[in-house]
Amino acid sequence: MLNRLAYGAVAILALVTVVAADAFLADEASDRSVLGDLLRHGSLIPILFTLVVLRGVMEFVTILRAAGHKPCGGWAMLSCAVLMLSPWLCAGGILGHNPVDVEGLHWQVIWLGAAVLGAALIHVARGVSPNVIADLASTMLIILYLGFLPSFAIQLRADVDLSDPIAGAWTLLFVLAIVFVSDIAALYSGVALGRHRLAPSISPGKSIEGFVGGIIGSVLLAVAFWRLARIIGPEEQPADTVEWLSALADQMTAGIKRLTLSQSVLFGVAISVASQIGDLFESLLKRGAQVKDSSRLIPGMGGVLDVVDGTLFAVPLAWFLLTRFWHVV
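Just so it is clear, the structure is predicted and the values come from calculations on it, not from any experiment.

### Considerations on a nonpolar patch on the surface
1) Next: Judged by side-chain polarity, Phe24, Leu25, Leu44, Ile47, Leu48 and Leu51 come together as a nonpolar surface patch covering roughly 500 Å² of accessible area.
2) Next: Counting only elements with at least two residues in the nonpolar patch, the list comes to α1 (2-28) and α3 (44-66).
3) Next: Ranked by the residues each element gives to the nonpolar patch, the list is headed by α3, at four residues.

### Quick look at the packing of helix α7 (residues 151-158) against helix α8 (residues 165-193)
1) Next: The geometry of α7 relative to α8 is characterised by a closest axis approach of 6 Å and an angle of 140° between their N-to-C directions. Considering the angle they form, α7 stands oblique to α8. Across the interface between the two elements, Ala153, Leu156 and Arg157 of α7 pack against Pro165, Gly168, Ala169, Thr171, Leu172 and Val175 of α8.
2) Next: Its residues assigned to classes, the contact of α7 with α8 shows six nonpolar, two polar and one charged.

### Structural notes on the environment of Ala177
1) Next: As for its placement among the helices and strands, Ala177 is situated in helix α8.
2) Next: In this structure the C-alpha to C-alpha distance between Ala177 and Ile12, which are 165 residues apart in sequence, comes to 8.7 Å.
3) Next: Ignoring any residue separated from it by four or fewer positions in sequence, one finds Ala177 in contact with Leu221 and Phe225.

### Topic: unusual backbone geometry
1) Next: The backbone phi angle of Gln290 is positive, close to 60°, even though this residue is not glycine.
2) Next: As for its placement among the helices and strands, Gln290 is situated in the loop between α11 (261-289) and α12 (304-325).
3) Next: Relative accessible area serves as the criterion here: at 74%, Gln290 is assigned to the exposed category.
4) Next: With a phi close to 55°, His327 is a non-glycine residue in the positive phi region.
5) Next: Positionally, His327 belongs in the segment after α12.

### Quick look at the pattern of salt bridges
1) Next: Enumeration according to the criterion identifies seven salt bridges in this entry.
2) Next: A salt bridge links Glu59 to Arg55; the nearest nitrogen and oxygen atoms lie 3.1 Å apart. Pair noted here: Glu59 and Arg55 are both in helix α3, with a separation of four residues, about one helical turn.
3) Next: Among the charged side chains, a network of salt bridges with common partners joins Glu282, Lys286 and Asp306.

### Here we look at the packing of aromatic side chains
1) Next: This structure, assessed with the given rule, holds twelve aromatic pairs.
2) Next: When the centroid spacing of 5.2 Å and the interplanar angle of 85° are considered together, the rings of Phe148 and Phe152 count as edge-to-face. Across the pair, exposure class does not vary: Phe148 and Phe152 are buried alike.
3) Next: Three or more aromatic residues link up through ring pairs in this structure, and these residues are Phe174, Phe225, Phe267, Phe320, Phe325 and Trp326.

### Some details on the pairing of strand β2 (residues 203-207)
1) Next: For strand β1 (residues 197-199) and β2, the ladder comprises two bridges, and the chain directions are antiparallel. Directly across from Arg197, in β2, lies its bridge partner Ser207.
2) Next: As consecutive antiparallel partners, β1 and β2 are separated by three residues.

### Some words on α11
1) Next: For α11, which comprises 29 residues, the first-to-last C-alpha distance of 43 Å matches the rise-based estimate of 42 Å (1.5 Å per residue) to within 8%.
2) Next: Gln290, located one to two residues past α11, shows a positive phi value of around 60°.

### Examining the nonpolar core
Generally speaking, soluble globular proteins have nonpolar side chains that are buried together.
1) Next: Residues Phe60, Leu146 and Phe267 are the most contacted members of the largest nonpolar core, which totals 62 residues.
2) Next: Counting residues per element, this core draws most heavily on α8, which supplies ten residues.
3) Next: Excluding residues that lie within four positions of it along the chain, Phe267 makes contacts with Phe174, Val175, Ile178, Ala318, Leu321, Leu322 and Trp326.

### Some thoughts on the packing of α3 against helix α6 (residues 132-148)
Packed helices, taken two at a time, are described by their axes: the angle between them and the distance between them.
1) Next: Two numbers describe how α3 lies on α6: the axes approach to 11 Å, and their chain directions differ by 150°. In terms of their interaxial angle, α3 and α6 are classed as roughly antiparallel. In terms of crossing hand, the pair formed by α3 and α6 is right-handed. Only Ser138, Leu141, Ile142, Tyr145 and Leu146 of α6 make contact with α3, whose side of the interface consists of Val53, Gly56, Val57, Phe60, Val61 and Leu64.
2) Next: The residue makeup of the contact of α3 with α6, split by class, is nine nonpolar, two polar and no charged.

What counts, and at which threshold
- Residues numbered from 1 in each chain as written.
- Predicted model: local features only at pLDDT ≥ 70, side-chain atom pairs only at ≥ 80, totals over all residues.
- Heavy atoms only, no water.
- Patch = residues over 30% accessible without salt bridge, like charges linked within 9 Å, V, L, I, M, F, W, Y side chains within 5 Å.
- Areas by Shrake-Rupley, 256 points an atom, 1.4 Å probe, with all protein chains shown as cover.
- Salt bridge = Lys/Arg side-chain N within 4 Å of Asp/Glu carboxyl O.
- Helix = DSSP H or I, 4+ residues; strand = E, 2+ residues; numbered from the N terminus.
- Axes fitted to C-alpha atoms, helices over the stretch in contact; angles between N-to-C directions.
- Parallel < 35°, antiparallel > 145°, perpendicular 65-115°, else oblique.
- Contact = heavy atoms within 4.5 Å.
- Nonpolar A, V, L, I, M, F, W, Y, C, P; charged D, E, K, R; others polar.
- Buried < 20%, exposed > 50% of the residue type's maximum accessible area, 1.4 Å probe, protein only.
- Phe/Tyr/Trp six-rings, centres within 6.5 Å; stacked < 30°, edge-to-face > 60°.
- Pairing = 2+ DSSP bridges.
- Expected span 1.5 Å × (residues − 1).
- Core = buried A, V, L, I, M, F, W, Y, C linked by side-chain atoms within 4.5 Å.
- Left-handed = near helix turned anticlockwise from the far one by under 90°.

Given below as structure tokens:
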């Protein structure tokens, strides 16, 4: 438990640092060159998140092979990298910058189709085998699970419809913070209050009480962010000594100001539920392959896939709610 807390704290600090640096570089990019357009829509976030996903692909390939499948790991890694980077490259104008609605998603779907077609051709070239259907399905699962789903994190960061590209970085951090709090609240409420098993055949340690605790934690954080966004702003902090701090806080919460209280509550519930389902889904995959953790990379926590499993299901839902359903960012 102590290892989990220690490495979790380090991970949070690293994440905040990456997001802050990404936002700073975007704010400083004033020229209208290709590089300037790219920096305004992301820098460290797209690159480092893609590297994290590729590490997750390696772990997932190991899990699938432990279950007796033979996915095409190389093609899956390439496809996931392209899917992750396409929203960023699109927003930066490299993939074509035109007034098409949800342009980034347009390219994500194109690359997803190309990745599935490529996987089919590769497995055709491999020839007939008793497990060809399962092998092909496992390759496509990697592409969907670790390419298409997490690419919405980059889409949220780099969405061309954002009035302020910097807001994408802080909005993404807001979503990830809710996922993290949901995980922590579910863990500790489950340990303290857990009496009824949530899914004993998949994850015996998870309880209904923990599931509810995770939702409550997420809602409380979402409402706290919503309240913070409404009480801070440069106009309310006129003193020169704190002006820059107020401006930063206002910038960090710009993507949340347009949420209503009821939307904030619903957002916390939705993201927590999606995150916990994502956690259960990865547990299902590991149990099917009879492995405990995706790797031993992080002591006390497992592998990268064990850390980001909830995020994979949460970010597509967050992107949809914030940008297409409520139109608040």
